[in-house]
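Coordinate inspection notes
Here are the chains, one letter per residue:
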Amino acid sequence: MTEIDFIHRFIPAKAAGAARTLLLLHGTGGNENDLLDLGQAIDPDAALLSPRGKVLENGAPRFFRRLAEGVFDEADVIARARELADFVDAAVAHYEIDAKKLVAVGYSNGANIASAMVLLGIAKFPEAILFRAMVPLSQTSPVDLAGARILISAGEFDPIAQPGITKALAELFRHAGADVTLKFQPIGHELTPRDVALAHQWLGL
Ligand code: MLT
């Protein structure tokens with residue numbers, strides 16, 4: 001079995017049994033504690049699995065290297081996506097997580113690594129909630145995403161995850177057969193209570 005080799009938090013569900021687990025993936029400069037409140041607000045009954053990105057950019061944790069704002073080191077994106085997928089496998093076994101009920105919840109850089117896992121066909125989660133996501137890889141081999149459900153929550157005025165990029169990401173997922181919901185709000189890169197409400201609703205809660 002692969003090692004659980006990411007610094008992380010795991011918070012079990014309050015009630016044992018059928019609960020889903022949210023895989024929380026923070027943005028640049030975040031850590032394993034950052035999105036715990038967000039996860040709790042999205043689904044108070046879920047278990048939370050929250051790793052810290054291993055790449056440091058001037059001390060700021062990330063999930064993969066970038067060369068400049070919005071310019072990604074794609075070889076690193078692929079290697080780190082695989083590494084994170086191995087971590088998820090190890091955590092699923094260790095914490096006895098039901099992988100069928102695993103939902104990735106990523107913000108910004110965390111949404112981008114989750115998208116990379118999906119596009120590479122190595123996602124361990126059937127559902128993903130992506131806040132302020134971008135296209136993380138310029139080229140990928142075709143994958144079959146039939147059965148995958150993805151919510152993308154975007155900002156009309158986001159200067160980083162710009163609307164055109166987010167729409168292109170949604171198209172890539174749709175083209176591969178995923179069930180994609182893309183929602184825009186008149187805001188920028190920051191998260192809002194509307195993001196939580198959307199995610200909550202999309203999960204059928
Ligand atoms: C971020 O600040 O996290 C981004 O601009 C997105 C990324 O670099 O993956």
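Residues numbered from 1 in each chain as written. Predicted model: local features only at pLDDT ≥ 70, side-chain atom pairs only at ≥ 80, totals over all residues. Heavy atoms only, no water.

Here we come to the pairing of strand β2 (residues 21–25). Taking burial as the measure, the 5 residues of β2 include 5 buried ones, the bulk of the element. Relative to strand β3 (residues 47–51), β2 runs parallel, the two sharing 3 bridges. Bridging across to β3, Thr21 finds its partner in Ala47. In terms of strand pairing, β2 meets strand β8 (residues 102–107) through 5 bridges, oriented parallel. Bridge assignment links Leu22 to a residue of β8, and that residue is Val103. (Buried < 20%, exposed > 50% of the residue type's maximum accessible area, 1.4 Å probe, protein only. Helix = DSSP H or I, 4+ residues; strand = E, 2+ residues; numbered from the N terminus. Pairing = 2+ DSSP bridges.)

Taken as a whole and judged by the stated rule, the model has 3 aromatic pairs. With centroids separated by 5.1 Å and ring planes inclined at 45°, the aromatic side chains of Phe6 and Phe87 adopt a geometry described as tilted. Remark: Phe87 occurs in helix α2 (residues 74–95) and Phe6 occurs in the segment before β1 (8–11); sequence separation between them is 81 residues. Given a relative accessible area of 5%, Phe6 falls into the buried group. Here Phe10 and Tyr95 contribute two aromatic rings whose centre-to-centre distance is 4.1 Å and whose plane-to-plane angle is 15°, an arrangement assigned as stacked. Of the two residues, Phe10 sits in strand β1 while Tyr95 sits in helix α2, which places them 85 residues apart along the sequence. The ring of Trp202 carries the charged tip of Arg149 above its face, separated from the ring centre by 3.9 Å. (Phe/Tyr/Trp six-rings, centres within 6.5 Å; stacked < 30°, edge-to-face > 60°. Lys NZ or Arg CZ within 6 Å of the ring centre and 35° of its normal.)

On to the pattern of salt bridges. Enumeration over the complete set of coordinates arrives at 16 salt bridges. Across the pair Asp98 and Lys101 runs a salt bridge whose closest N-O atoms are separated by 3.8 Å. Take Lys101: its relative accessible area is 32%, and that puts it in the partly exposed class. Between Glu127 and Arg149 there is a salt bridge, with its nearest N and O atoms 2.6 Å apart. You can see Glu127 sitting in strand β9 (residues 127–131) and its partner Arg149 sitting in strand β10 (residues 149–155), a full 22 residues away along the chain. When its relative accessible area of 18% is taken as the criterion, Glu127 is described as buried. Under the relative-accessibility criterion, Arg149 is labelled partly exposed at 26%. What emerges from the salt-bridge pattern is a single network uniting Asp5, Lys54, Asp76, Arg80 and Glu83. (Salt bridge = Lys/Arg side-chain N within 4 Å of Asp/Glu carboxyl O.)

With that out of the way, let us pick up the site of the ligand. In the vicinity of the ligand, the contacting residues are Thr28, Arg62, Phe64, Arg66, Glu69, Phe72, Ser108, Asn109, Asn112 and Ile160. At 2.6 Å, a side-chain N or O of Thr28 approaches an oxygen atom of the ligand. Between the ligand and the protein, one listed contact pairs an oxygen atom with a side-chain N or O atom of Asn112 at 2.8 Å. Among the residues forming the shell around the ligand, the class breakdown is 3 nonpolar, 4 polar and 3 charged. (Near = heavy atom within 4 Å. Polar contact = N/O pair within 3.5 Å; in protein donor to acceptor, adjacent residues only side chain to side chain. Nonpolar A, V, L, I, M, F, W, Y, C, P; charged D, E, K, R; others polar.)

This brings us to the side chain of Thr192. Along the polypeptide, Thr192 turns up in the loop between β11 (179–185) and α5 (193–202). Beyond its immediate stretch of four places on either side in the chain, Thr192 contacts Arg132, Gln185 and Ile187. (Contact = heavy atoms within 4.5 Å.)

Even without a glycine there, the phi angle at Asn58 is positive, about 50°. Checked against the element boundaries, Asn58 lands in the loop between β4 (55–57) and β5 (60–62). A positive phi is found at Glu96, a non-glycine position, where the angle reads about 55°. Mapped onto the fold, Glu96 is located in the loop between α2 and β8.

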